[in-house]
Amino acid sequence: MTAPIVRTLAELRQMTAGWRKAGEAIGVVPTMGALHQGHLSLVRAAKDHCDRVIVTIFVNPKQFNNPEDLENYPRTEHDDAKKLASFEVDAIYVPDADQIYPDGFATNVSVSGLTDMLCGAARPGHFDGVATVVSKLFLQTQADKAFFGEKDYQQLQVVTRLAADLDIPIEVVGCPTIREEDGLAMSSRNLLLSDRSRIKAPLLAEVMDDVAASLNDGKTMSEIVPDATARLLAAGFNEVDYLELRDGADLSLLDSMKPDARLFAAAWLAGVRLIDNIAV
Ligand code: PAF
């Protein structure tokens, strides 16, 4: 059965008030739609840990630093609702834009430090947009737990920080990245890849695995990165935004292996920006 689609905060609050009164634990899975198996794994985790599950779908204009990227972002609400049917979620919250950003909206949530590097450096304003909308979604749904993929590892750190800093009573739960059989990390943006680019895209994960192996053999990033970048560019990637080793907790930059290190990459392939990260 398809879940009820809720478009206003008033309707949402009416539903959640009953659940809260009954003492039911509410889980939220924030998304921008174009749902894939990665999102569905978050829904599964939410169903396992909560009595009620809300999936939100909102393509958040504030987190796009490029108008063309916002325009091209896939919008597939009907298919998304069909994909969610077998999970029996309790509500799909697809807020109208004015439910998130009403006239006169003037607040910006900005998490400093964690957002200065990686995608924060490459996409100015992106994480302010994410932090602002996620704060609203946390407060609007009043959920007890929120589920995010490790695929967007920096985002996971940012939302965990903001919930703690703003005393929002929600537990942020990180879930493992889900990959295609050829290793490509699942992402809504993969829908934008042409057939030719789709064949090349798994090279990003392959190169990252090879970089991880070299790090484990004792090599440093300064020694490894030039060849790894050249390999991606030679295969048809247009630009590598970053290929960096960082501490998994505070995201500080590393040159060589240490416990809890993670490798992060973002690269452009025919107009599509792919990102990935792995524990090393
Ligand atoms: O990861 C996403 O899809 C988005 O950044 C999120 C968390 C739904 C906020 O718009």
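Residues numbered from 1 in each chain as written. Predicted model: local features only at pLDDT ≥ 70, side-chain atom pairs only at ≥ 80, totals over all residues. Heavy atoms only, no water.

**A closer look at the site of the ligand**
The ligand sits among Pro30, Thr31, Met32, Asn60, Gln63, Val133, Val134, Phe148, Asp152 and Gln155. One of the side-chain N or O atoms of Gln63 is found 2.6 Å from an oxygen atom in the ligand. Here Gln155 contributes a side-chain N or O atom positioned 2.7 Å from an oxygen atom of the ligand. Computed on the free molecule, the ligand has an accessible area of 290 Å², of which 89% lies beneath the protein chains in the complex. Of the residues that constitute the shell around the ligand, the class distribution is 5 nonpolar, 4 polar and 1 charged. (Near = heavy atom within 4 Å. Polar contact = N/O pair within 3.5 Å; in protein donor to acceptor, adjacent residues only side chain to side chain. Areas by Shrake-Rupley, 256 points an atom, 1.4 Å probe, with all protein chains shown as cover. Nonpolar A, V, L, I, M, F, W, Y, C, P; charged D, E, K, R; others polar.)

**What to know about the pairing of strand S6 (residues 171-175)**
Across 5 bridges, the pairing between strand S5 (residues 145-149) and S6 is parallel. Bridging across to S6, Phe148 finds its partner in Gly174. Read from S5 through helix H8 (residues 153-165) to S6, the crossover connection turns out right-handed. (Pairing = 2+ DSSP bridges. Helix = DSSP H or I, 4+ residues; strand = E, 2+ residues; numbered from the N terminus. Right-handed = clockwise from strand over helix to strand, strands pointing away.)

**Comments concerning the sheet that holds strand S2 (residues 26-31)**
On the basis of which strands lie adjacent, the open sheet formed by 6 strands has the order S1-S4-S3-S2-S5-S6 and parallel pairing. Looking at strand neighbours, the two that pair on one side only are strand S1 (5-6) and S6, the edges of this open sheet. Of the strand pairs in this sheet, strand S3 (residues 52-57) and strand S4 (residues 91-93) are connected by 3 bridges, and their pairing is parallel. When the bridges of S4 are listed, Thr56 appears paired with Tyr93. Where H8 meets the sheet, its contacts fall on S5 and S6, and the angle it forms with S6 comes to roughly 170 degrees. (Contact = heavy atoms within 4.5 Å. Axes fitted to C-alpha atoms, helices over the stretch in contact; angles between N-to-C directions.)

**Things to note about the pattern of salt bridges**
Tallied over the entire structure, the rule returns 17 salt bridges. Note that Arg189 is salt-bridged to Asp69, the shortest N-O span being 2.9 Å. Taken as a pair, Arg189 in the loop between S6 and helix H9 (195-200) and Asp69 in helix H3 (residues 67-72) lie far apart in primary sequence, 120 residues in all. Taking the shortest distance from any N to any O, the salt bridge between Glu150 and Arg262 comes out at 3.8 Å. Taken together, the positions of Glu150 in the loop between S5 and H8 and Arg262 in strand S9 (residues 261-269) put the pair 112 residues apart, joining distant regions of the chain. One continuous salt-bridge network, built from bridges that share partners, spans Glu24, Arg52 and Asp90. (Salt bridge = Lys/Arg side-chain N within 4 Å of Asp/Glu carboxyl O.)

**A word on the layout of surface pockets**
Size it by volume and the largest pocket reaches roughly 260 Å³. Lining the largest pocket are 14 residues, and of these Asn66, Asp69, Arg189, Trp268 and Gly271 sit closest to its centre. Those elements giving two or more residues to the lining of the largest pocket turn out to be H3 and strand S10 (272-279). Among the elements that line the lining of the largest pocket, the one with the most residues is H3, at 3 residues. Classifying every residue of the lining of the largest pocket by side-chain character gives 4 nonpolar, 4 polar and 6 charged. (1 Å grid on protein atoms, 1.4 Å probe; cavity = no way out; pocket = protein on both sides within 12 Å on 5 of 7 lines; lining within 4 Å. Points joined across faces, edges and corners; volume = space filled by probe spheres on them.)

**Quick look at the environment of Val29**
For Val29, the location among the structural elements is in strand S2. For the pair Val29 and His39, spaced 10 residues apart in the sequence, the C-alpha separation amounts to 8.0 Å. Every residue in contact with Val29, bar those within four places of it in the chain, is listed here: Leu42, Val43, Ala46, Ile54, Val55, Thr56 and Phe147.

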